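Fold and geometry: a report
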Amino acid sequence: MSDAAFRRAFGEQFFDRLWQLKPDWAIAIGYYKYADRLVVPDEAARAERLEQADRWLAELRRIDPATLGPAVRADWAMLENEFLAERWGLTELKSWQWDPSVYNVAEPFALLLDLTFAPLDERLRLFGRRLERVPAYYAAAKASIENPSREHTQLAIEQNRGALAVFGAELEQALEMSGLDARERAQFNERLSAARGAIEDYVRSLEALDERLASGAVAARSFRLGGDLYPQKFALEIQSGDTAEALYERALAEKDVLHARMRTLAEILWPKYFPNEAAPSGALDLIGRVIARLAEDHVAPAELLDEVKRQIPELERFVTEHGLVELDPSKPLIVRETPPHKRGIAGASIDAPGPYDAAAPTYYNVNPLDEEPPERAESWLREYNRWMLPVLNIHEAIPGHYVQLLHANRAPSLIKSIFGNGAMIEGWAVYAERLMLESGYGEHRAEAWLVYSKWNLRSVCNTILDYGVHVLGMTEAEALDLLTRQAFQSEAEAADKWRRVQRTNVQLTSYFSGYAAIVDLREQLKRERRGSFDLKRFHEQFLSYGSAPVRVIRELMLAEG
Ligand code: ZN
Ligand code: ZN
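Residues numbered from 1 in each chain as written. Chains lettered and ligands numbered in written order. Predicted model: local features only at pLDDT ≥ 70, side-chain atom pairs only at ≥ 80, totals over all residues. Heavy atoms only, no water.

1. Brief notes about the nonpolar core
Selection rule: For our purposes a nonpolar core is just a set of buried Ala, Val, Leu, Ile, Met, Phe, Trp, Tyr and Cys residues, chained together by side-chain atoms within 4.5 Å. Buried means the residue's accessible area, taken with a 1.4 Å probe over protein chains only, is under 20% of the maximum for its type, while exposed means over 50%, and partly exposed covers the values in between. The criterion used for residue contact is that any of the two residues' heavy atoms lie within 4.5 Å.
By size, the foremost hydrophobic cluster in this structure holds 139 residues, and its most contacted members are Phe6, Phe10, Tyr364 and Phe542. In this structure, Phe6 is in contact with Leu60, Ile63, Leu68, Val72, Asp75, Trp76, Leu79 and Ile415, ignoring residues within four places of it in sequence. Tyr103, Ile199, Leu209 and Leu213 belong to the second largest nonpolar core, which has 39 residues in total.

2. What about the coordination of the zinc ion (ligand 2)?
The criterion, for reference: Water is not part of the atom set, so a site may look incomplete; the donors themselves are N, O and S atoms within 2.8 Å of the metal, or 3.2 Å for Na, K and Ca. Geometry assignment treats four donors as tetrahedral when all angles are between 85 and 135 degrees, treats four as square planar and six as octahedral when opposite donors are over 155 degrees apart and all others between 65 and 115, and treats everything else as irregular. Secondary structure elements are taken from DSSP: a helix is a run of H or I of four residues or more, a strand is a run of E of two residues or more, and numbering for both begins at the N terminus.
Every protein donor of the zinc ion (ligand 2) is accounted for by His395 (NE2), His401 (NE2), Glu426 (OE) and Glu426 (OE), and the metal-donor separations fall at 2.1 to 2.8 Å. Coordination geometry of the zinc ion (ligand 2): the four donor atoms subtend angles of 51 to 152° at the metal centre, consistent with an arrangement described as irregular. Donor residues for the zinc ion (ligand 2) sit on one chain with the sequence pattern H-x5-H-x24-E. Here the residue His401 occupies a position in helix H19 (residues 401-408), and Glu426 occupies one in helix H21 (residues 422-438), the gap between them amounting to 25 residues.

3. Here's the deal with the coordination of the zinc ion (ligand 1)
Coordination of the zinc ion (ligand 1) by the protein involves His298 (NE2), Glu378 (OE) and Glu378 (OE), with metal-donor separations of 2.0 to 2.8 Å. Residue His298 is found in the loop between helix H15 (283-294) and helix H16 (304-321), and its partner Glu378 is found in helix H17 (residues 374-383); the two are separated by 80 residues along the sequence. Look at His298 and you get partly exposed, because its relative accessible area is 24%.

4. Notes on the pattern of salt bridges
Formally: The rule for a salt bridge is simple: a side-chain nitrogen of Lys or Arg has to be within 4 Å of a carboxyl oxygen of Asp or Glu.
Counted according to the given criterion, the structure contains 42 salt bridges. Glu307 is paired through a salt bridge with Arg310; the nearest N and O atoms lie 2.8 Å apart. A residue pair is termed a helical-turn pair when its members lie 3 or 4 positions apart in one helix, as Glu307 and Arg310 do in helix H16 at three residues. Taking relative accessible area as the criterion, Glu307 reaches 17% and is therefore assigned buried. A residue is classified by how much of its surface remains accessible, and Arg310, at 45% relative accessible area, is partly exposed. For Glu493, the salt bridge is made with Arg458, and the minimal N-O distance between the two is 2.5 Å. Here the residue Glu493 occupies a position in helix H24 (residues 491-503), and Arg458 occupies one in helix H22 (residues 446-470), the gap between them amounting to 35 residues. Each member of the pair Glu493 and Arg458 is classed as buried. Among the charged side chains, a network of salt bridges with common partners joins Arg434, Glu438, Arg522, Glu523 and Lys526.

5. Considering the sheet that holds strand E2 (residues 348-351)
Put simply, the test is: A pair of strands is considered paired only if DSSP assigns at least 2 bridges between the two. Think of each axis as a best-fit line through the C-alpha atoms, taken over the contacting stretch in the case of a helix, with angles from 0 to 180 degrees between the N-to-C directions.
Spatial strand order, E1-E3-E2: three strands in an open sheet with mixed pairing. In the strand order of this sheet, the two ends are held by strand E1 (333-337) and E2, each with one partner. For this sheet the average axis-to-axis angle between neighbouring strands, irrespective of direction, equals 25°. Where H16 meets the sheet, its contacts fall on E1 and strand E3 (362-366), and the angle it forms with E1 comes to roughly 170°. Set on the sheet, helix H18 (residues 389-396) makes contact with E2 and E3; between it and E2 the angle comes to about 20°.

6. Describing the pairing of E3
With respect to burial, E3 is a largely interior element, four of its five residues being buried. Relative to E3, E1 runs parallel, the two being bridged by five bridges. Paired with Leu333 across the bridge in E3 is Thr362. Taken together, the four bridges between E2 and E3 define a ladder with antiparallel strand orientation. Each bridged residue has a counterpart across the sheet, and for Asp351 the counterpart in E3 is Tyr363.

7. Digging into helix H11 (residues 169-177)
The following threshold applies: Here the arc refers to the directions that run from the helix axis out to each C-beta atom.
Along H11, the residues that are buried comprise Leu171, Ala174 and Leu175. Angular distribution of buried residues about the axis of H11 spans 100°; they occupy a single face of the element. H11 presents Ala169, Glu170, Gln173, Glu176 and Met177 as exposed residues on the side facing more than 90 degrees away from its buried surface. Taken together, the buried residues of H11 touch helix H7 (106-114), helix H8 (120-131) and helix H12 (182-215).

8. Observations regarding the packing of aromatic side chains
Here is the rule: Two rings from Phe, Tyr or Trp (for Trp, the six-membered ring) form a pair when their centres sit within 6.5 Å of each other. Planes less than 30 degrees apart are called stacked, planes more than 60 degrees apart edge-to-face, and all others tilted. Note on geometry: a ring has a charge over it if NZ (lysine) or CZ (arginine) is within 6 Å of the ring centre and within 35 degrees of the ring normal.
Under the counting rule described, the total for this entry stands at 35 aromatic pairs. Aromatic side chains Trp19 and Trp25 sit 5.2 Å apart centroid to centroid with 85° between the ring planes, which places their arrangement in the edge-to-face category. For Trp25, a relative accessible area of 28% puts it in the partly exposed group. Between the aromatic rings of Phe512 and Tyr515, the centroid separation amounts to 6.3 Å while the plane-to-plane angle is 35°, which identifies the pairing as tilted. Linking Phe512 with Tyr515, this pair stays in helix H25 (residues 510-529), spanning three residues, or about one helical turn. Through a chain of ring-to-ring contacts, three or more aromatic side chains come together here, namely Phe6, Phe10, Phe14, Phe15, Trp19, Trp25, Tyr31, Trp56, Phe83, Tyr356 and Phe419. It is Arg46 that lies over the ring of Trp96; its NZ or CZ is 3.7 Å from the centre.

9. Some details on the side chain of Ser459
For Ser459, the position within the fold is in helix H22. The contacts of Ser459, once residues within four sequence positions are left out, are Val430, Tyr511 and Phe512.

10. What about the environment of Pro301?
When you line up the elements, Pro301 lands in the loop between H15 and H16. Relative accessible area serves as the criterion here: at 32%, Pro301 is assigned to the partly exposed category. Considered as a pair, Pro301 and Asn104 are 197 residues apart in the sequence and their alpha carbons are 33 Å apart. Excluding residues that lie within four positions of it along the chain, Pro301 makes contacts with Leu369, Asp370, Ala377 and Leu381.

Structure below.
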């Protein structure tokens, strides 16, 4: 076996070179050696990345995967996909040309201020060295953009305006508090104002460009990825082995199955909640009315954080008592209010340490609602009502994302944790919801199953929407009908989703794709192993390979037996 040769070629030095080329990504996962480097995204940088990807690909292909042990063979396959995806992104997709929102310097700077891997003074010095190249960064961005889509141009305007917040009062305060001497401070401030100027200039130039795109003076690209690029991107990103079209067809069929099941549940619940009213004859109307009624049962804005804090240990107990998957009491999940600069649209999210800093705490951020406008808070709370809030906590935390990460960080493969597959990660969280309901969380009450089904329908419709919009030319009206009438989402949620599908592609299919593949694998093993199938063992084996594509994990599990 040539496992050792593979590990030599794609071990520490490989990653060090990767982080040199991609220091922003490195900072995000806790590797700080090149934290002072800001890569100027010009033609030379792209050429360097392409050359490196080709060199790595050639090196990788000199190792015959058939000579590798199963776990290392999976790493080999993930790397090959990674290098091919890099090449394809630079030469075929070319979002660096038509998506101005790929240019934004804010996030790594925010992390440098926020993280505590080094004393403040040291982090500010790294910050200062990065700042120096911000004007060159945006000059390269402007030179790279050609015939962008209006949607991505507007997104870039919004997000780069938002980026200015990272270079505002909080930063000035940090500088104030620091031990940097007068000369260092003066230099820092000079670079800071040049960086702010560069961001403002980028925003202004995009605003002017957007006007030319609107008037037709410059031809705008469609935000739709199209039937040529979409299947290729789907293959490289989702890595399910199935086609995008097949997944879309499956999602359409699944939508019908869910509607039928939800109709039965709504019929059961109708007399309980509407004792004096005849049920609507249309199935979608009936389901929608019952769901809206169930949504009235929710906590007050000020109670949200405490309610989440109460539910997490309850979910942990349930998972342990029902023997679903192993938890790790030595790595507790800390529930907290989302720190102000991270508050966005998302109501709750996991903030987990990267593979280079696996000992750092994991936070479950919950957006406080008491300062939101009352209608917004009410709309969010109706969505995450008594029946839905646990599903959110299951998805994000236990046994969803948090538990998957816990197990992934134990997997010894850096390759699998760094090049984690989004469909496996989201698929696991979506599968976790079903697992809990199947195991009796919610006591098999019709309310719990109906509201869960609405959530599950969201994953299914994300796939229908994404493929429909990017390949089949689905219109805005069709999309909103799908989301509101057929998937029972609020107008506000549907409008947000329409914005998201215009600005992203393929990612929305990851939830249903990964979920469907995990359910298929589980059912296959249940059939094959019959009496010897053990659910907890299945979950732990599944999670033990790290965030590899489900297709890859499947092969490993079938080989291992
Ligand atoms: Zn209410
Ligand atoms: Zn998720």
